[in-house]
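The chain contents come next:
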Amino acid sequence: DAKTTQPNSMESNEEEPVHLPCNHSTISGTDYIHWYRQLPSQGPEYVIHGLTSNVNNRMASLAIAEDRKSSTLILHRATLRDAAVYYCILRDVGGSNYKLTFGKGTLLTVNP
Amino acid sequence: DGGITQSPKYLFRKEGQNVTLSCEQNLNHDAMYWYRQDPGQGLRLIYYSQIVNDFQKGDIAEGYSVSREKKESFPLTVTSAQKNPTAFYLCASSIDDLAPLHFGNGTRLTVT
């Protein structure tokens, strides 16, 4: 399975934008890029996903590099409730897509 | 409200006892999953089920068993054969293999 690499931790200030990077240099043509986040003592929550084009929803934006080897999750105005672990995951729609593999993710700290 | 319910939130057992963790969903989802999370780690797939009366082993199925007799329910039994059962257990469901996962809020199992 293609792997992703994320920084262990990042820090942001409240009401400022946050850019969470993810590298996936071995991504295949059938891999979707998914992002989830996990608040303390809760289950992960789906945030956004995309294939090639940039995507926006009410929670965040996903910017995908032209060569698809990296992507960035953008939180436009961080709030204290956005403090969580963010997971970047590749989901192969052509293969064993049930086997979502969650790495350690990026721990985002939001300062008031 | 539709969602996934895991119960109980905390569970304590003595070593050598089997214990069953409950997972119920009212989202009418076909696919259900069990993950295990250890402190500071990502999630690892234990078992998954794509349809009623069918389930497959994930990456760490040894010492665990599941059943899927009803669409809504996917209980996980942690047997005495599981060498390190203390962990945070997460159940998830999705409408199909390609859709985002919806997670419950987990059961924290402590075995002493």
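For every chain, the first residue of its written sequence is number 1, and the numbers climb from 1 along that sequence. Labels are handed out in written order, letters beginning with A for the chains and numbers beginning with 1 for the ligands. The model is predicted, so local features are restricted to residues of pLDDT at least 70 and side-chain atom pairs to those at 80 or more, both for listing and for counting; the totals for chains, interfaces and linings are taken over all residues. Hydrogens are left out, water is left out, and the side-chain values use all remaining heavy atoms of the structure.

Novice: Please give an account of the interface of chain B and chain A that cites residues and values.
Specialist: Any two residues whose heavy atoms approach within 4.5 Å at even a single point are treated as in contact. Listed per partner, the contact involves 22 residues of chain B and 17 residues of chain A. Buried area counts how much accessible surface, traced with a 1.4 Å probe, disappears from two parts once they are put together, with both parts' losses summed. Summing both partners gives a buried area of about 1700 Å² for chain B against chain A, and 54% of it is carried by carbon and sulfur. Of all residues in chain B, the largest losses of buried area upon contact with chain A belong to Leu43(B), Leu98(B) and Pro100(B), amounting jointly to 25% of the total for that side. What counts as a salt bridge is simple: a side-chain nitrogen of Lys or Arg found within 4 Å of a carboxyl oxygen of Asp or Glu. Linking chain B with chain A are 0 salt bridges, by the criterion used here. We call two N or O atoms a polar contact when they sit within 3.5 Å, provided that within protein one can donate a hydrogen and the other can accept it, with sequence-adjacent residues counted only if both atoms are side-chain atoms. For the pair chain B and chain A, the interface holds 5 residue pairs in polar contact (both at pLDDT 80 or more). Helix and strand definitions here come from DSSP, where helices need a minimum of 4 consecutive H or I residues and strands a minimum of 2 consecutive E residues; each element is numbered from the N-terminal end. Every element with two or more residues in the side of chain B that touches chain A is listed here: β4 (31-37), β5 (43-51) and β9 (87-94) of chain B.

Novice: Which residues make up the state of the cysteines, and what values do they have?
Specialist: Between two cysteines, a covalent bond joining their sulfur atoms is known as a disulfide. Two cysteine sulfur atoms form a disulfide, by the criterion used here, when they sit within 2.5 Å. Within the structure shown, the criterion is met by 2 disulfides over all chains. Paired through a disulfide, Cys22(A) and Cys88(A) show a sulfur-sulfur distance of 2.1 Å. Where Cys22(A) bonds to Cys88(A) through sulfur, the torsion about that S-S bond is close to -85°, and the disulfide is left-handed. One end of the pair, Cys22(A), is in strand β2 (residues 18-23); the other, Cys88(A), is in strand β8 (residues 84-92), with 66 residues separating them in the sequence. Residue classification places Cys22(A) among the buried positions, given a relative accessible area of 1%. Each sulfur in the disulfide pair Cys23(B) and Cys91(B) lies 1.9 Å from the other. Across the disulfide from Cys23(B) to Cys91(B), rotation about the S-S bond amounts to roughly -75°, and the bridge is consequently left-handed. Remark: Cys91(B) occurs in strand β9 and Cys23(B) occurs in strand β3 (residues 19-25); sequence separation between them is 68 residues. Only protein chains enter the accessibility calculation, which uses a 1.4 Å probe; a residue is then buried when its area is under 20% of its type maximum, exposed when over 50%, and partly exposed in between. Exposure remark for Cys23(B): the relative accessible area of 1% places this residue in the buried category.

Coordinates in, geometry out; function isn't part of it.
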